Amino acid sequence: MEFSFDHLVHFVQNPQEAVEEMKSIGLHAFVGGNHEKWGTYNSLAYFGLSYIEFLGIRDRVKAEEAALHHDLTNQAINLLPTIQGFNRIALRTNQIEEVAEKARILGFNIDGPVEGTRTRDDGVTIRWKMLFIKHEQTELPFPFIIQWDQSDEERRLDLKEKINGHSIGRVKIQDLVFAVWDLERQTEKWSRFFGLKKSSPYVDEELKATCIQLSLGGGNLTFASPSGDGFLSDYLNQRGEGPFLLRLQGEQSIPAQKILGSYFQVIGQG
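Residues numbered from 1 in each chain as written. Predicted model: local features only at pLDDT ≥ 70, side-chain atom pairs only at ≥ 80, totals over all residues. Heavy atoms only, no water.

Peer 1: How would you summarise the side chain of Arg88 if you had to cite specific residues and measurements?
Peer 2: In this fold, Arg88 is placed in strand β5 (residues 85–92). Overall, Arg88 belongs to the buried group, its relative accessible area being 3%. A distance of 2.8 Å separates the side chain of Arg88 from the backbone oxygen of Phe142, its partner in a polar contact. Non-local contacts of Arg88, meaning those with residues more than four positions away in its chain, are made with His7, Leu8, Val9, Asp71, Leu72, Gln75, Phe132, Ile133, Pro141, Phe142, Pro143 and Phe144. (Helix = DSSP H or I, 4+ residues; strand = E, 2+ residues; numbered from the N terminus. Buried < 20%, exposed > 50% of the residue type's maximum accessible area, 1.4 Å probe, protein only. Polar contact = N/O pair within 3.5 Å; in protein donor to acceptor, adjacent residues only side chain to side chain. Contact = heavy atoms within 4.5 Å.)

Peer 1: Lay out unusual backbone geometry with the relevant residues and their values.
Peer 2: The omega angle of the peptide bond from Leu80 to Pro81 is 5°, so this bond is cis rather than trans. Mapped onto the fold, Pro81 is located in the loop between α3 (71–79) and β5. With phi around 55°, Lys208 is a residue other than glycine that occupies positive phi space. Residue placement: Lys208 occurs in the loop between β10 (202–204) and β11 (209–214).

Peer 1: Account for the packing of aromatic side chains, naming residues and giving values.
Peer 2: This structure, assessed with the given rule, holds 21 aromatic pairs. Taking the centre distance of 4.7 Å and the plane angle of 25° together, the rings of Tyr46 and Tyr51 count as stacked. Across this residue pair, the class does not change: Tyr46 and Tyr51 are buried. A centroid spacing of 5.0 Å and a plane angle of 10° characterise the contact between Phe178 and Phe223, whose relative ring orientation is stacked. With Phe178 in strand β9 (residues 172–179) and Phe223 in strand β12 (residues 220–226), this pair connects stretches of sequence that are 45 residues apart. Neither residue differs from the other here; Phe178 and Phe223 are each classed as buried. The ring of Phe193 is capped by Lys102, whose NZ or CZ atom sits 4.8 Å from the centre of that ring. Across the ring face of Trp148, the terminal group of Arg155 is positioned such that the distance to the ring centre comes to 4.3 Å. (Phe/Tyr/Trp six-rings, centres within 6.5 Å; stacked < 30°, edge-to-face > 60°. Lys NZ or Arg CZ within 6 Å of the ring centre and 35° of its normal.)

Peer 1: Any chance you could break down the side chain of Gln75 for me, citing the residues and the numbers?
Peer 2: Inspection of the secondary structure assignment puts Gln75 in helix α3. Residue classification places Gln75 among the buried residues on the basis of a relative accessible area of 16%. Setting aside chain neighbours within four positions, we find Gln75 in contact with Phe11, Asn87, Arg88 and Pro141.

Peer 1: How would you sum up the sheet that holds β11? Please name residues and give values.
Peer 2: The sheet built from seven strands is open, its strands ordered β10-β11-β12-β9-β13-β15-β14 with mixed pairing. Either end of the sheet is taken by a strand with one partner, and the two such strands are β10 and β14 (254–259). With direction set aside, neighbouring strand axes in the sheet form an average angle of 30°. Note that β11 and β12 share six bridges and pair antiparallel. Opposite Ala209, over in β12, you have Pro226 as the bridge partner. (Pairing = 2+ DSSP bridges. Axes fitted to C-alpha atoms, helices over the stretch in contact; angles between N-to-C directions.)

Peer 1: Could you give an account of the pairing of strand β7 (residues 125–133), naming the residues involved and the relevant values?
Peer 2: As defined by bridge partners, strand β6 (residues 110–120) adjoins β7 across eight bridges and the pair is classed as antiparallel. Directly across from Val114, in β7, lies its bridge partner Met130. Hairpin remark: β6 followed by β7, antiparallel, with four residues in the connecting loop; positive phi at Gly123, about 90°. Pairing of β7 with strand β8 (residues 144–148), which is carried by four bridges, proceeds in the antiparallel orientation.

Peer 1: Tell me about the environment of Gln13, and please be specific about residues and values.
Peer 2: Turning to its location among the elements, Gln13 is positioned in the loop between β1 (4–11) and α1 (15–24). Counting along the chain gives 71 residues from Gln13 to Gln84, while the straight-line C-alpha distance between them is 7.0 Å. Other than its neighbours up to four places away in sequence, Gln13 contacts Tyr41, Leu80, Pro81 and Gln84. Here Pro81 takes part through its backbone oxygen, which lies 2.9 Å from a polar atom of the side chain of Gln13.

If you want it as structure tokens, here you go:
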């Protein structure tokens, strides 16, 4: 099975506010649309086919109904409006049924694959399938799996005017950093299930952490465990395990800064 980084879900109170926050650091985001059956809505920022989804609750009554059978909406209901920030990532595949079967064989409970749709402002309806692999609530959740109705090339053509429209120039995702307590356990679990190449442990002086990286097309996954006091250890103590820093590669540098509950950084390559 092959996987790529598809998108990072960032829970926000107001997706339109996220558009303005991204603009303030030179990144282009735009209003996406509504998920009618889930009571949610979003705005989006693309970096190639990898993107951030700023997800908010539009209709809380409908979202509470959807939360009974949709894991991501359930998480949104539990956290919003109090806690904003990165929550979950989606991995893209063309083999979602095979992923579901593997999860069943290994004894995981799953939700899906379920059909998803979103109607854009231009009236076009986007379609996909989603699969959630369930964990105990104390566990760092696995990514959820997405399979788009369109091919990568069709989506790239459809999105050509929205991909890399950033005022700071061309930008791509370098890696998404996860704050974790047990580095070896988490990376071994994710590496084994998704078949991702795992690096040797290394020290990140800026994060004051020991790290292991999993190689993934569209954006690598870096797991970091604190080795001293700093914003990584502060985040873990306050929020627990999860994605906390998105590092982007661009033509100019932007220091790590907290935006709507999580950290963004642009590393210049000029």
